[in-house]
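Notes for the structure review
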Amino acid sequence: MSLYVYLEPDRDRLAQVGPQFQAIGCAIVHSMAELEAHLPRYPETLLVIVGATVDLSEVLMFTAYQRLQRPLIGVVLVRRELRPDDVLSCLRAGVREVVEESDWDGLRNASSRSVDLSKALSTTLRSSTEQSPYGRVVTVFAGKGGCGRTVVAVNLAAALAAGGSRRILLIDLDLQFGDVAIMLKLPPDRSIAGAIAMAGRLDEPGLRSVVTSYRPGIDVLLAPSSPAQAEHVRRELIVELLDLARPIYDFIVVDTPALVTDQVLAALDISDWLLPIVTPDLPTLKTVRLTVEMFDMLDYPRDRRLLVFNRADSEVGLTVADVEEAIGMPSAVRVPSSREVPVSVNRGEPLYLTSPAHPFSQAVSRLADRCAGIDTAQTHKRRLFARAGRAAR
Ligand SMILES: Nc1ncnc2c1ncn2[C@@H]1O[C@H](COP(=O)(O)OP(=O)(O)OP(=O)(O)O)[C@@H](O)[C@H]1O
Ligand SMILES: [Mg+2]
């Protein structure tokens with residue numbers, strides 16, 4: 001476990017100072033891309049030290065983004081010389097301290113101040129999220145089986161958890177044939193069936209007694225192990241569960257069956273985000289079109305819908321434009337098809353957790369950002385402009 005990471009693309013500098021960083025247990029990465037892949041994999045990271053040769057505009061972009069995405073991480077920047085204008089832009093972007101490359105003591109002090117601040121912030125953030133009145137309910141839905149609802153739900157839950165800094169409840173509402181237990185390799189000992197007897201008087205300890213803890217920040221409410229129990233899970237129980245869970249969790253991700261059951265409607269009614277999932281094949285397209293019409297009939301607000309276009313890159317004769325036109329809305333995120341997805345399913349480990357840099361995981365991460373209200377499109381646009389600007393110089 002490493003709380004610190006040092007980004008140093010300059011091999012000579014790394015040969016000089018690398019061993020000293022390693023001696024204090026600091027992980028080392030050589031590029032911004034490597035750093036971006038490192039952070040979701042090591043969620044305990046509190047400090048990023050950026051070496052002097054990293055382009056300043058990239059550092060500013062990275063810092064501004066991380067400030068929203070992972071506010072606990074402090075960035076300390078090393079520069080060959082300190083220019084007042086640069087220091088000012090750094091502080092505006094949220095860089096905690098800027099230190100001259102030759103000032104080894106200065107770097108050590110700045111790093112330890114930043115880590116102290118992160119630890120203090122961690123306590124404050126936790127207590128302020130604990131006071132937040134409502135977790136947001138995110139329901140993935142498609143009237144057609146096999147289009148990737150469960151894969152998206154489990155990976156989205158992992159992405160939203162942001163390494164344990166948010167509390168997530170993943171609910172398997174595919175009450176008869178739910179796959180969440182298999183996809184996360186969880187024992188089916190506790191499930192929503194345990195809540196049936198508590199209906200009407202469910203309380204927080206009752207809820208905690210039926211959820212399975214998956215990893216820090218992620219609890220799972222599994223589907224009953226026997227399909228016969230599903231009919232006893234009534235709509236009222238779902239409403240009760242969601243009402244109870246909302247003050248406790250930051251996000252509640254709901255996986256659903258391919259049917260509009262009473263229980264699914266209860267979840268859809270209360271959802272902050274509705275995620276219709278579409279794949280580029282005509283039967284699914286038709287069903288999702290009908291789903292969206294149903295959302296209209298039920299007056300679910302359009303700005304709360306995020307269309308997930310799964311297997312968007314499959315070359316099967318339907319273009320992105322065809323799909324979006326048929327459904328009547330643009331896709332919020334395009335998730336690529338990859339054989340790594342079924343491999344991860346068979347391994348029982350969400351791809352987002354084992355390969356956060358995989359294009360599938362990156363797409364899920366963008367979806368999580370949308371659900372959390374973070375506009376990554378703007379950040380990416382800014383990044384592209386910055387690159388174009390650099391190329392022009
Ligand atoms: N982007 C993808 N790339 C490759 N395979 C995928 C992708 N998304 C889903 N799959 C595969 O499609 C299959 C169905 O996925 P999943 O079980 O998530 O769908 P579902 O809609 O929940 O299905 P069900 O109706 O059985 O509940 C799985 O084997 C999964 O690995
Ligand atoms: Mg499923």
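The shown structure was predicted, so the numbers you read here are calculated from the model rather than taken from an experiment.

1. Section: the sheet that holds strand β12 (residues 307-310)
- Spatially, the eight strands line up as an open sheet ordered β8-β9-β7-β10-β6-β11-β12-β13, and their pairing is mixed. At either margin of the open sheet sits one strand with a lone partner, and together these are β8 (212-215) and β13 (331-335). On average, each strand axis in the sheet is inclined to that of its neighbour by 25 degrees, with strand direction left out of account.
- Taken together, the five bridges between strand β7 (residues 168-172) and strand β10 (residues 251-255) define a ladder with parallel strand orientation. Within the sheet, the bridge partner assigned to L170 lies in β10 and is V253.

2. Some thoughts on the UniProt feature "domain: AAA" (unreviewed entry) in the protein chain
- With numbering matched to this structure, UniProt assigns "domain: AAA" (unreviewed entry) to residues 136-277.
- As annotated, residues 136-277 comprises 34% helix and 20% strand, and the C-alpha atoms at either end are separated by 19 Å.

3. Some details on the packing of aromatic side chains
- Within this structure, the stated rule accounts for three aromatic pairs.
- Aromatic side chains Y6 and F21 sit 3.8 Å apart centroid to centroid with 20 degrees between the ring planes, which places their arrangement in the stacked category. Residue Y6 is found in strand β1 (residues 4-7), and its partner F21 is found in helix α1 (residues 11-23); the two are separated by 15 residues along the sequence.
- Overall, the relative accessible area of 2% leaves Y6 in the buried class.

4. Details of the pairing of strand β4 (residues 74-79)
- Counting buried positions over the six residues of β4 gives six, a clear majority of the element.
- Burial of the side chains of β4 extends over both faces: G74, V76 and V78 are buried on one face and V75, L77 and R79 on the other.
- Alignment of strand β3 (residues 47-50) against β4, held across four bridges, turns out to be parallel. Bridge pairing in β4 links L47 to G74.
- The handedness of the β3 to β4 crossover, carried by helix α3 (residues 56-69), is right-handed.
- Between the parallel pair β4 and strand β5 (residues 97-100), the chain is carried across by helix α4 (residues 84-93), and the sense of this crossover is right-handed.

5. A few points about the site of ligand 1
- Near ligand 1, the surroundings consist of 19 residues, among which R149, T150, V151, N310 and R311 are the closest.
- In the environment of ligand 1, an oxygen atom lies 2.7 Å from a nitrogen or oxygen atom belonging to the side chain of T150.
- A distance of 3.0 Å separates a nitrogen atom of ligand 1 from a polar atom in the backbone of S338.
- Burial of ligand 1 by the surrounding chains reaches 82%, relative to a free accessible area of 630 Å².
- Those elements that place two or more of their residues in the shell around ligand 1 are α6 (149-161) and α14 (340-347).
- Here the residues of the shell around ligand 1 are counted per class, giving eight nonpolar, seven polar and four charged.

6. Structural notes on the side chain of H38
- Summarising the element assignment, H38 is placed in helix α2 (residues 32-41).
- In this view, H38 contacts V5, A27, V29 and T45; residues no more than four positions away in its chain are not counted.

7. Concerning the pairing of strand β6 (residues 136-141)
- In terms of burial, β6 is largely enclosed, as five of its six residues are buried.
- Across four bridges, β6 lies against β10 in parallel orientation. Each bridged residue has a counterpart across the sheet, and for T139 the counterpart in β10 is V254.

8. Considerations on the pattern of salt bridges
- This structure, assessed with the given rule, holds 17 salt bridges.
- R167 is paired through a salt bridge with D250; the nearest N and O atoms lie 3.2 Å apart. Of the two residues, R167 sits in the loop between α6 and β7 while D250 sits in the loop between α10 (235-245) and β10, which places them 83 residues apart along the sequence.
- A salt bridge links D296 to R302; its shortest N-O distance comes to 3.1 Å.
- Take R302: its relative accessible area is 58%, and that puts it in the exposed class.
- Each member of the salt-bridge network shares a partner with another, and the members are D10, R13, R80 and E101.

9. Digging into the sheet that holds β1
- Spatially, the five strands line up as an open sheet ordered β2-β1-β3-β4-β5, and their pairing is parallel. Each end of this open sheet is capped by a strand with a single partner; those strands are β2 (27-29) and β5. The sheet shows a mean angle of 20 degrees between the axes of neighbouring strands, taken without regard to direction.
- Pairing between β1 and β3: four bridges, direction parallel. What sits directly across from Y6, in β3, is I49.
- Lying on the sheet, α3 is in contact with β3 and β4; it crosses β4 at an angle near 170 degrees.

10. Here's the deal with α3
- Between the first and last C-alpha of α3 there are 20 Å, a value that for 14 residues agrees with the 20 Å anticipated at 1.5 Å per step.
- Burial in α3 covers these residues: L56, V59, M61, F62, T63, Y65, Q66 and Q69.

11. Some details on unusual backbone geometry
- Here the phi dihedral of D299 falls at roughly 60 degrees; this positive angle occurs in a residue that is not glycine.
- Within the secondary structure, D299 is located in the loop between α12 (282-297) and β12.
- At R311, a residue that is not glycine, the phi angle is positive and equals roughly 55 degrees.
- By secondary structure assignment, the location of R311 is in the loop between β12 and α13 (320-327).
- Here R311 falls in the partly exposed class, since its relative accessible area comes to 38%.

Rules behind the numbers
Residues numbered from 1 in each chain as written. Chains lettered and ligands numbered in written order. Predicted model: local features only at pLDDT ≥ 70, side-chain atom pairs only at ≥ 80, totals over all residues. Heavy atoms only, no water. Pairing = 2+ DSSP bridges. Helix = DSSP H or I, 4+ residues; strand = E, 2+ residues; numbered from the N terminus. Axes fitted to C-alpha atoms, helices over the stretch in contact; angles between N-to-C directions. UniProt positions renumbered as here; feature names shortened; annotations may be inferred. Phe/Tyr/Trp six-rings, centres within 6.5 Å; stacked < 30°, edge-to-face > 60°. Buried < 20%, exposed > 50% of the residue type's maximum accessible area, 1.4 Å probe, protein only. Right-handed = clockwise from strand over helix to strand, strands pointing away. Near = heavy atom within 4 Å. Polar contact = N/O pair within 3.5 Å; in protein donor to acceptor, adjacent residues only side chain to side chain. Areas by Shrake-Rupley, 256 points an atom, 1.4 Å probe, with all protein chains shown as cover. Nonpolar A, V, L, I, M, F, W, Y, C, P; charged D, E, K, R; others polar. Contact = heavy atoms within 4.5 Å. Salt bridge = Lys/Arg side-chain N within 4 Å of Asp/Glu carboxyl O. Expected span 1.5 Å × (residues − 1).

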